[in-house]
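Notes for the structure review
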Amino acid sequence: MARLTENFSENLWSHTAEPAPDTPQLKGALRADVTVIGGGYTGLSAALHLAKRGVDVRVLEAEQPGFGASGRNNGQVIPAYSRHNPDDIERVFGKEAGSRLNDWVAGSADLVFGLIKLYNIQCEAAQNGWLQPAHRSSRMTGIRKKQSSWEAAGQPARLLTGQETMELTGSPFYCHGGWIHERGGHIQPLGYARGLARAAVAEGAKVHGSSAALSVDRVEGRWRVRTAGGYVDSDTIVFATNGYTGALWPKLRQTVVPFRTFHAATAPISDNISQTILPENHGLSDTRQALWAFRKDLGKRLITTAAPLLPMGAREKINTTTKARLREVFPQIGDIEIDHVWEGWIAMTPERLPRLHELAGGVFAGMGYSGRGIAMATAMGKSIADRVMGAPVHDIAPLPVPMKVLPMHDVIAPLSRAMIGIYRWKDERD
Ligand SMILES: Cc1cc2nc3c(=O)[nH]c(=O)nc-3n(C[C@H](O)[C@H](O)[C@H](O)COP(=O)(O)OP(=O)(O)OC[C@H]3O[C@@H](n4cnc5c(N)ncnc54)[C@H](O)[C@@H]3O)c2cc1C
């Protein structure tokens, strides 16, 4: 029986992740070099890369590491933009800055899997490639462009025939072809977040759970971040709150559209059927804008996106629509139960590119990964650490940009789910 709640424990990953490290609540009046607000991939990667270089860094997480999108996502590690191709990026940003951003994105999956290996993070990691099949034949034009653009940028991107795509997905539905990026893969997302927290602590960072930042003020030449239990004074602060950004810094929340997304996981699938679905254990995200994504976990469950138009009555709708979708894509699955349904907030930017901001002297923010944040948020944390350590602007990616407040944000953000209807219409139109 599917359950739907914002309660973190309804999330499948909370049942199968390695236990959380000890992250005591912040207590008292403290000093640090850097205070990081938010304990997802962005904040934990920033803390890890700073602590490694001897910086005294404290992470304040309102709940527990991985409570936000980092502990709830599909786990697909994708070293590619959701919308753009590398040649578009070079056209818009120029050859030098564009190719630096492309290299940053292309290297982001290796960064994730490298950290997992280096710190022995237990998170079901598989760097066996990421698949994007076309959901309609008309989408092959875009796929060919994407694949050839990444290949020209020196990446192991391979075009797949219809037959190869059906074999790799185990689905007759994906008969038009697709492409594979060999540097992609998948992870158990909460296990990865908890492992990053453990690694950051091992490098000397202090990570505090149940420590929501309540205010940020300038006090005696430093930034004071208050929590219910005390405060930290530091020269530098990093906002790493992404789709969970509140009102701490004026207007930061209004720079991204928080998009509520749902996920569903089946009951464990029998061995003989599981072997026919994604038989080489790939993760896939297809070409829909209202994305269909599938991957298996170690427990042989299939985890997929679910996109009800409205959250009201979502539980029942997801149960029915997910079962129907699974039978359409993987008819061999039969009548499988949906065991877990959960939700999380993604931060979208209109241009579908991540943003690094320098909000004031010593104040940084990294956000807006538009659904590609496992690899990009990890890379962003490292970029912020580099910048805090004094790397020149032109050496890092993405380039810091001024905050762009979205007009009518308070109206647009709640209506963003309605876009799902438009996306679905577009997805089926051609
Ligand atoms: C359902 C779902 C599926 C997804 N699937 C994929 C996928 O397959 N592949 C992919 O690459 N990306 C995926 N994403 C996106 C990816 O998960 C995010 O881009 C990434 O996790 C962002 O990491 P983050 O650290 O920036 O933010 P989050 O992980 O959202 O972390 C922000 C943290 O800030 C904390 N916080 C907020 N306010 C405060 C405060 N005042 N004080 C202290 N702490 C605070 C929150 O509690 C939260 O833990 C998915 C997202 C969702 C929701």
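Provided above is the structure to which this section pertains.
Residues numbered from 1 in each chain as written. Predicted model: local features only at pLDDT ≥ 70, side-chain atom pairs only at ≥ 80, totals over all residues. Heavy atoms only, no water.

1. Considerations on the site of the ligand
Around the ligand sit 36 residues in total, of which Thr42, Glu61, Ser70, Gln76 and Ala213 are the nearest. Within the backbone of Ile374, an N or O atom sits 2.9 Å from an oxygen atom of the ligand. Compared with its free state, where it exposes 1,000 Å², the ligand has 94% of that area covered by protein. Elements represented by at least two residues in the shell around the ligand include exactly α2 (41-51), β14 (257-266), β18 (338-348) and α10 (373-388). Per-class residue counts for the shell around the ligand are 16 nonpolar, 17 polar and 3 charged. (Near = heavy atom within 4 Å. Polar contact = N/O pair within 3.5 Å; in protein donor to acceptor, adjacent residues only side chain to side chain. Areas by Shrake-Rupley, 256 points an atom, 1.4 Å probe, with all protein chains shown as cover. Helix = DSSP H or I, 4+ residues; strand = E, 2+ residues; numbered from the N terminus. Nonpolar A, V, L, I, M, F, W, Y, C, P; charged D, E, K, R; others polar.)

2. A look at the environment of Met389
Mapped onto the elements of the fold, Met389 is located in the loop between α10 and α11 (409-415). Along the chain, Met389 and Glu280 lie 109 residues apart, while their C-alpha atoms are 41 Å from each other. The residues contacting Met389, other than those within four sequence positions of it, are Leu50, Arg53 and Val55. (Contact = heavy atoms within 4.5 Å.)

3. Comments concerning a nonpolar patch on the surface
A cluster of nonpolar side chains, contributed by Met408, Val411, Ile412 and Leu415, occupies part of the molecular surface with about 390 Å² of accessible area. Considering the arrangement of structural elements, one finds Val411 in helix α11. A residue is classified by how much of its surface remains accessible, and Val411, at 44% relative accessible area, is partly exposed. (Patch = residues over 30% accessible without salt bridge, like charges linked within 9 Å, V, L, I, M, F, W, Y side chains within 5 Å. Salt bridge = Lys/Arg side-chain N within 4 Å of Asp/Glu carboxyl O. Buried < 20%, exposed > 50% of the residue type's maximum accessible area, 1.4 Å probe, protein only.)

4. Topic: the pairing of strand β12 (residues 230-234)
The element β12 is largely enclosed, with a buried count of 4 among its 5 residues. Where strand β1 (residues 28-31) meets β12, 4 bridges bridge the pair, whose relative direction is parallel. Bridging from a neighbouring strand, Leu30 pairs with Val232 of β12. In this antiparallel pair of consecutive strands, strand β11 (residues 222-227) and β12, the connection spans 2 residues. (Pairing = 2+ DSSP bridges.)

5. A word on the packing of aromatic side chains
Counting across every chain of the model gives 10 aromatic pairs. Their ring planes at 25° and their centres at 5.7 Å tell us that Tyr81 and Trp150 sit as a pair that is stacked. With Tyr81 in the loop between β4 (76-77) and α3 (86-93) and Trp150 in helix α5 (residues 140-152), the pair connects residues that are 69 residues apart, well separated along the chain. In this structure, Tyr81 and Trp150 share a single accessibility class: buried. (Phe/Tyr/Trp six-rings, centres within 6.5 Å; stacked < 30°, edge-to-face > 60°.)

6. Considerations on unusual backbone geometry
Here the residue pair Ala397 and Pro398 is connected by a cis peptide bond, since its omega of -10° sits within 30 degrees of zero. Of note, the phi angle at Asn120 is positive, near 50°, even though the residue is not glycine. By the secondary structure assignment, Asn120 is in the loop between α4 (95-118) and β5 (130-133). Residue Asn120 is classed as exposed on the basis of its relative accessible area, which comes to 57%.

7. Section: the side chain of Thr169
Mapped onto the elements of the fold, Thr169 is located in helix α6 (residues 162-169). Within polar-contact distance, the side chain of Thr169 engages the backbone nitrogen of Ser171 at 3.2 Å.

8. A closer look at the packing of α4 against α10
Running from N to C, α4 and α10 cross one another at 90°; their axes reach a closest spacing of 8 Å. One finds that α4 runs roughly perpendicular with respect to α10. Note on element contacts: α10 touches α4 through Ile374, Ala375, Met376, Thr378, Ala379, Met380, Lys382 and Ser383, opposite Trp104, Val105, Ser108, Ala109, Leu111, Val112 and Leu115. Its residues assigned to classes, the contact of α4 with α10 shows 11 nonpolar, 3 polar and 1 charged. (Axes fitted to C-alpha atoms, helices over the stretch in contact; angles between N-to-C directions. Parallel < 35°, antiparallel > 145°, perpendicular 65-115°, else oblique.)

9. Points about the nonpolar core
Of all hydrophobic cores here, the largest spans 62 residues; its most connected members are Ile187 and Tyr192. At the level of secondary structure, the elements contributing two or more residues to this core comprise β2 (34-37), α2, β3 (57-60), α4, α5, α7 (189-202) and α10. Among the elements that line this core, the one with the most residues is α4, at 10 residues. Apart from residues no more than four positions distant in its own chain, Ile187 is found in contact with Tyr41, Gly75, Val77, Phe113, Ile116, Cys123, Glu124, Ala125, Tyr192, Arg295 and Ile374. The next biggest cluster of nonpolar side chains, apart from the first, holds 25 residues, and it includes Phe173, Leu302, Ala314 and Ile338. (Core = buried A, V, L, I, M, F, W, Y, C linked by side-chain atoms within 4.5 Å.)

By themselves, these are just geometric observations and shouldn't be taken as functional.
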